[in-house]
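Residue strings, one per chain:
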Amino acid sequence: MSEKRDWVLKAFRGEVVGRVPVGFWHHFTSEEEWLKGFSNPVIIEKNIQGHKRFIRDLHPDFIKLMSDGYFAYPNPVIAKGKSLQELSEVQPLGKDHPWIREQVELVKKIKQEFTEDIVAICNIFAPVTYLKWLLGEVSGGDDLIADFLVQDSQKLKKVLDVIAQDIASLSQAIIKDAGVDGIYLSVQSIQDARVSAEAYQEIIEPSELTVLNAAKSVGGVNILHICGYEGARNDIHIFADYPAHVFNWAVGP
């Protein structure tokens, strides 16, 4: 085991280390490309080359591999559905779907560019985030999630639980087949006052726990990121008992 790997894994376990491990990351593609990389070799190659330059120039102690290009979960029922009733007919893509297998290959190609043995955590989003993006692009969709929860919370839960099956399969595949150390799961409170902490924990939380427990079951390290993208505010108490080894939360205004 390399010294850097040892430092990072000890830090994740809360053990004493000689210095604080350091890692930086950012998106290697433009925001307009985040949703358009599936089966798009130009965007994916841009992501791979961005990681290559980053690792070569900065030599981080550990790295979060970015899933740029694959933010759009390509479930046809969700893509076409307009109502909650239509969305509730959703079925999982399945563990062998190209959207999952392409991401496994992406991670493998990025790891081939590593110049040393470092901990690699892969960027994964919560099921409700993938749903929000299909409903309202990269930013937005919270009001529609709140609408659905008010209309029929159990139907919304069903949709999220189905998406979670695919995100769990993705998480396990990138750990088992691509060899990453774990996942960096991005969660966020719904930015609508109609979704209380209690409602979040009842309807949305189970889908997020499915993903975290799936990664943990195959030996993955779980980092939970409580995201503040575009000024989102979070009730961090919602996530306090999630099965994560490391908790990270946005602290910006």
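Computed from a predicted structure; not experimentally measured. (Residues numbered from 1 in each chain as written. Predicted model: local features only at pLDDT ≥ 70, side-chain atom pairs only at ≥ 80, totals over all residues. Heavy atoms only, no water.)

Q: It is not clear to me how the overall build of the protein should be interpreted in this structure. Could you clarify?
A: Within the protein one finds 8 helices and 5 strands. When the helices and strands of the protein are read in sequence order from the N terminus, they spell out α-α-β-α-α-α-β-α-α-β-α-β-β. On C-alpha atoms alone, the protein measures out to a radius of gyration of 18 Å, which is about the 18 Å that the 2.2 N^0.38 rule sets for 253 residues. Principal axes of the C-alpha set define a box for the protein whose edges measure 55 × 40 × 35 Å. (Helix = DSSP H or I, 4+ residues; strand = E, 2+ residues; numbered from the N terminus. Rg over C-alpha atoms; globule rule 2.2 N^0.38 Å.)

Q: I keep staring at helix α8 (residues 197–217) and nothing clicks. Help me out?
A: Given 3.6 residues per turn, any residue in an α-helix points the same way as the ones three and four places further on. Along α8, the sharpest change in direction is near 50° and occurs at Glu-205; proline Pro-206 comes one to four residues later. Looking at α8, one finds that the buried residues are Ala-199, Tyr-200, Ile-203, Ile-204, Glu-205, Ser-207, Glu-208, Val-211, Leu-212, Ala-214 and Ala-215. Phi turns positive one or two residues past the end of α8, at Gly-219, with a value near 85°. (Bend = angle between axes of the 7 residues up to and from the residue. Buried < 20%, exposed > 50% of the residue type's maximum accessible area, 1.4 Å probe, protein only.)

Q: I'm lost on the pairing of strand β3 (residues 182–187) in this one. Help?
A: Most of β3 is tucked away: 6 of the 6 residues are buried. Across 5 bridges, strand β2 (residues 119–125) lies against β3 in parallel orientation. When the bridges of β3 are listed, Ile-121 appears paired with Gly-182. Across 6 bridges, β3 lies against strand β4 (residues 221–226) in parallel orientation. Residue Ser-186 lies in a different strand from β4, and its bridge partner there is His-225. Crossover β3 to β4 through α8 is right-handed. (Pairing = 2+ DSSP bridges. Right-handed = clockwise from strand over helix to strand, strands pointing away.)

Q: When you look at the environment of Gly-94 in this model, what are you seeing that I'm missing?
A: Here Gly-94 lies in the loop between α4 (84–87) and α5 (98–112). C-alpha separation for the pair Gly-94 and Gln-165, spaced 71 residues apart in sequence, amounts to 8.1 Å. Excluding its chain neighbours within four sequence positions, the residues that come into contact with Gly-94 are Ile-100 and Asp-166. (Contact = heavy atoms within 4.5 Å.)

Q: Mind showing me how you'd approach a nonpolar patch on the surface here?
A: Among the surface-exposed residues, Ile-236, Phe-247, Trp-249 and Val-251 lie close enough to one another that they form a single nonpolar patch of about 400 Å² accessible area. Within the fold, Val-251 resides in the segment after β5 (246–249). Val-251 sits in the exposed class, given a relative accessible area of 72%. (Patch = residues over 30% accessible without salt bridge, like charges linked within 9 Å, V, L, I, M, F, W, Y side chains within 5 Å. Areas by Shrake-Rupley, 256 points an atom, 1.4 Å probe, with all protein chains shown as cover. Salt bridge = Lys/Arg side-chain N within 4 Å of Asp/Glu carboxyl O.)

Q: How should the nonpolar core be read in this particular structure?
A: Soluble globular proteins tend to pack their nonpolar side chains together in the buried interior. Within the largest apolar cluster, 69 residues are counted, with the highest numbers of intra-cluster contacts made by Leu-65, Trp-99, Ile-124, Ile-174, Ile-183, Tyr-200 and Leu-224. Among the elements that make up this core, the one with the highest residue count is helix α7 (residues 142–176) (15 residues). Beyond its immediate stretch of four places on either side in the chain, Trp-99 contacts Phe-38, Tyr-70, Ala-72, Tyr-73, Pro-74, Leu-93, Tyr-130, Ile-167 and Leu-170. By size, the runner-up hydrophobic cluster in this structure holds 9 residues, among which are Val-119, Ile-121, Tyr-184 and Val-221. (Core = buried A, V, L, I, M, F, W, Y, C linked by side-chain atoms within 4.5 Å.)

Q: What's the story with the side chain of Asn-123 in this structure? I'm lost.
A: Here Asn-123 shows up in strand β2. The exposure class assigned to Asn-123 is buried, which follows from its relative accessible area of 3%. A distance of 3.1 Å separates a polar atom in the side chain of Asn-123 from a polar atom in the side chain of Lys-64. Within polar-contact distance, the side chain of Asn-123 engages the side chain of Ser-67 at 3.2 Å. Leave out the neighbours within four places in its chain, and Asn-123 touches Lys-64, Leu-65, Met-66, Ser-67, Phe-71 and Tyr-184. (Polar contact = N/O pair within 3.5 Å; in protein donor to acceptor, adjacent residues only side chain to side chain.)

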